[in-house]
Amino acid sequence: MDIQELRTRNPDHWMRATAIRALALDAVAAANSGHSGMPIGMADVATVLFSKHLKFDAAQPEWADRDRFILSAGHGSMLLYALLYLCGDAEITLEQVKNFRQLGAKTAGHPENFLAKAIETTTGPLGQGIANSVGFAIAEENLRARFGRKLIDHHTYVIAGDGCLMEGVSHEAIGLAGRLELGHLIVFWDNNDITIDGKVSLSDRTDQVARFKSSGWHVQEIDGHDPEAIDAAIVAAKKTDQPSMIACKSHIALGHAAQDTSKGHGALTNDDQNNAAKAAWGWTSAPFDIPAEIKSWWEAAGSRGAADRTEWETRLGDMSATRQAEFTRVMSGETPKKLSAVIKALKKQVSETAPKVATRKASEMALEVINPVMPETLGGSADLTGSNNTLTGDLGVFDTDNRKGRYIYYGIREHGMASAMNGMALHGGVRPYGGTFMAFTDYARPAMRLAALMQTPTVFVMTHDSIGLGEDGPTHQPVEHLAISRATPNMLVFRPADTVETAEAWEIALRQTGTPSVLSLTRQGLPTVRLEHKNANLTEKGAYVLADAEGKRQAILMATGSEVSIAMAARDLLQAEGIGTRVVSMPCWELFEAQDESYRRRVLPGGPVRVAVEAAVRFGWDHWLFGERGKRDKGAFVGMPGFGASAPAEELFKHFGITAEAVAEKVKEML
């Protein structure tokens, strides 16, 4: 249909959708930056969805049983901002729309979940939104199985573009959603055939319809500008038990001179062309001016869900006090009171029995006491369950026939797993954790970074964390990955030395509400170094004195993970020669940095020589070696000079000189 036919066929719908188009055009033009074309092209789909199907209440954007709307094609953020303003969201005001992409505005260039309550997830890196949506849908299914359909019964809707579907993570997400039959997930594909460089055919010939069908999705193809077809497709999608993809044939920058061109993807700022587009649309209002009757209609759409919310609150109130309290607790992210007690009991047992175990096994031991008292945990692994030790006996498998199951077999999908876990955390009510090898943080990195940016408490269990994994060789031996993770803002990186520190790290990670955690865990067995039981969580300090000097303190050895026991052995060698040596375990640099200066200086006082020991690259250690107030003269690092090699772990540590003898020798060289 051409513009004139669209206008005359359903004039009321056309003008309501055009309010979105006009706001997008005005905001991008005012900012002289942004993406006009997608909001213009998908305005019809959004209008039908928000006015007829999306269950939400603009006055209560965090209502637990709302439908979730995810704009995976986050560059088209003005589509979302226009919808929120029109529907009466209290945070996305007209002033915010006018300040699109400006410093301090909630209307950032791409949607940021931490800027406004109604923004479900941060999108922009293409493919992340559709991958997040799989986690949203998993969380919804699991919570419905736990608390019942009367309390949890909503959908997750996604708008994704050609770019989202080209990104590799989309294939991981689509395959997992199809396998798990996530029937409450509905994706609208903005099939406009345009990328920044030009036609999609420049770089891709994928039959997306066949692709989704082959992955187990219910698929429909419609005219993305026909409101009746859009409505019928959504009705059909909600009836199927499969995840749904609705292929919406659309025109990017509809009605503009840049329609159906790569220029239409970006910022349309030419006044003459913009005015001509508005004339073609039949829009006569001034910039940012929405006619009262249209704004009133949209606000009614925004309040349409208030009745549903009120009825839901009544159903919640009819539940027993215990069930209400539990639902409120898990949705708030609060940990159960029993968590601290079971962690302390495990620590006491370990300190008394002093087992020699890999920290990946120690993590499993911790999960064996955590999972029974935290029914909201949802574990998983990217096809490394037996290696990551992420499955405990009480979980059961989340599958089509067991939505109460709490363990997910993600397959070889590190990126998709991490993104889905972020979606679960954002949905609320569940606490996701998932494992792979530390080296494969490379594959999960984009989602790990977004977890930190979005302030989601996702837990990334990364095992086989050094050359200690041995014969698999340098492709699997992470050397730079700790540094990369530590360099990420708002991320806690734990490298525990034994089972006690591992249990403490888990307790801290699960108590986070706005920070993700990375648990860096060994393949090889490690001795227990915390032999004296303490009720206090020493890992919470980030670093602490594990063993102090006997006699005059001349050296401080700093280490993490598997190298703490090496530092302890080096201390024995040095003390035997009368060299007073302190050992500082540093399981979490970020938490140590957060302590007050007086504590840090007590742990790492000036004067003694310092040696850092870690089976990774040196990057980042100089901060601790040479102090926070300028360069010290005497500090040394014992670790990896580059990539590893293929050999048994014990041989590798000797080959690369990461031994107690080498550490002791470094100290003596500096004294």
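Residues numbered from 1 in each chain as written. Predicted model: local features only at pLDDT ≥ 70, side-chain atom pairs only at ≥ 80, totals over all residues. Heavy atoms only, no water.

Caption draft 1: Expanded view of helix 11 (residues 227–239). With 13 residues, helix 11 should cover 18 Å at 1.5 Å per step; its first-to-last C-alpha distance of 19 Å lies within 8% of that length. Every buried residue of helix 11 is listed here: P227, I230, A233, I234 and A237. The arc enclosing the buried residues of helix 11, seen along the axis, measures out at 125 degrees, which places them on a common side. Of the residues flanking the start of helix 11, the one acting as N-cap is D226, its side-chain oxygen 3.0 Å from the backbone nitrogen of E228. (Helix = DSSP H or I, 4+ residues; strand = E, 2+ residues; numbered from the N terminus. Expected span 1.5 Å × (residues − 1). Buried < 20%, exposed > 50% of the residue type's maximum accessible area, 1.4 Å probe, protein only. Arc of directions from axis to C-beta. Polar contact = N/O pair within 3.5 Å; in protein donor to acceptor, adjacent residues only side chain to side chain.)

Caption draft 2: Representation of the nonpolar core within the structure. Membership of the largest hydrophobic core comes to 134 residues, with the highest contact counts inside it found for M78, F188 and W298. Counting residues per element, this core draws most heavily on helix 2 (residues 11–31), at 11 residues. In this structure, M78 is in contact with L23, A24, A27, V28, P39, V97 and F100, ignoring residues within four places of it in sequence. Of all hydrophobic cores here, the second largest spans 50 residues; its members include V479, A567, W621 and A636. (Core = buried A, V, L, I, M, F, W, Y, C linked by side-chain atoms within 4.5 Å. Contact = heavy atoms within 4.5 Å.)

Caption draft 3: Up close: empty space enclosed by the protein. For the structure shown, the criterion picks out 2 cavities of 30 Å³ or more. Reported here for the largest cavity is a volume of approximately 210 Å³. Together, 21 residues line the largest cavity, and F56, F69, L84, A118 and E120 are the ones closest to its centre. At the level of secondary structure, the elements contributing two or more residues to the lining of the largest cavity comprise strand 1 (68–71) and helix 5 (77–87). At 3 residues, strand 1 tops the list of elements feeding residues into the lining of the largest cavity. The residue inventory of the lining of the largest cavity, partitioned by class, reads 13 nonpolar, 3 polar and 5 charged. The volume enclosed by the second largest cavity comes to roughly 50 Å³. Lining the second largest cavity are M1, L6, R9, N10, H13, W14, H225, P227 and E228. Mapped onto the lining of the second largest cavity, the elements with two or more residues apiece are helix 1 (3–9), helix 2 and helix 11. When grouped by side-chain class, the residues that make up the lining of the second largest cavity number 4 nonpolar, 3 polar and 2 charged. (1 Å grid on protein atoms, 1.4 Å probe; cavity = no way out; pocket = protein on both sides within 12 Å on 5 of 7 lines; lining within 4 Å. Points joined across faces, edges and corners; volume = space filled by probe spheres on them. Nonpolar A, V, L, I, M, F, W, Y, C, P; charged D, E, K, R; others polar.)

Caption draft 4: Seen up close, the sheet that holds strand 10 (residues 492–494). Spatially, the 6 strands line up as an open sheet ordered 7-6-8-9-11-10, and their pairing is parallel. If you trace the sheet from one side to the other, it starts and ends with strand 7 (407–409) and strand 10, each paired once. On average, each strand axis in the sheet is inclined to that of its neighbour by 20 degrees, with strand direction left out of account. (Pairing = 2+ DSSP bridges. Axes fitted to C-alpha atoms, helices over the stretch in contact; angles between N-to-C directions.)

Caption draft 5: Region of the structure containing the pairing of strand 11 (residues 517–520). With burial as the criterion, each face of strand 11 is covered, one bearing S517 and L519 and the other bearing V518 and S520. Across 4 bridges, the pairing between strand 9 (residues 459–463) and strand 11 is parallel. Across the sheet, V461 pairs through a bridge with L519, a residue of strand 11. Since strand 10 and strand 11 lie parallel, the crossover through helix 22 (residues 499–511) that links them has a hand, and here it is right-handed. (Right-handed = clockwise from strand over helix to strand, strands pointing away.)

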